[in-house]
Amino acid sequence: MQTTTQPELPIGTIKSFGSIGPKYQIGQALRQLDDGDWLIEITLIETGEKTEYRLTHLMNDPEAQ
């Protein structure tokens, strides 16, 4: 069963894709997907580009050093 309550997010936290990947800043939850996951807005630090990223992936990424 899907929840419609938005997930609590550490908005503004800087993370990286894996241990050496590009850094990004966590934004707000955008929408829930059919599989129950959420799409989260992130901003790539180097370019300022905003894109969407799955919450399940975001939770596995480390905080940037």
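For the structure itself, look to the data block above.
What comes next concerns the included structure. What you are looking at is a predicted structure, and each value in this text was computed from that prediction instead of being measured. (Residues numbered from 1 in each chain as written. Predicted model: local features only at pLDDT ≥ 70, side-chain atom pairs only at ≥ 80, totals over all residues. Heavy atoms only, no water.)

Topic: the packing of aromatic side chains
Next, step 1: Tallied over the entire structure, the rule returns 3 aromatic pairs.
Next, step 2: Seen from their ring centres, Phe17 and Tyr53 are 5.1 Å apart, and the 90 degrees between their planes marks the pair as edge-to-face. Here the residue Phe17 occupies a position in the loop between strand 1 (14-16) and strand 2 (23-32), and Tyr53 occupies one in strand 4 (residues 50-54), the gap between them amounting to 36 residues.
Next, step 3: Phe17 sits in the partly exposed class, given a relative accessible area of 27%.
Next, step 4: Overall, Tyr53 belongs to the buried group, its relative accessible area being 16%.
Next, step 5: Geometrically, the ring pair formed by Tyr24 and Tyr53 is edge-to-face, given 5.5 Å between the ring centres and 70 degrees between the ring planes. Taken together, the positions of Tyr24 in strand 2 and Tyr53 in strand 4 put the pair 29 residues apart, joining distant regions of the chain.
Next, step 6: In textbook terms, an aromatic cluster arises when at least three aromatic residues are bridged by ring pairs, as seen for Phe17, Tyr24 and Tyr53. (Phe/Tyr/Trp six-rings, centres within 6.5 Å; stacked < 30°, edge-to-face > 60°. Helix = DSSP H or I, 4+ residues; strand = E, 2+ residues; numbered from the N terminus. Buried < 20%, exposed > 50% of the residue type's maximum accessible area, 1.4 Å probe, protein only.)

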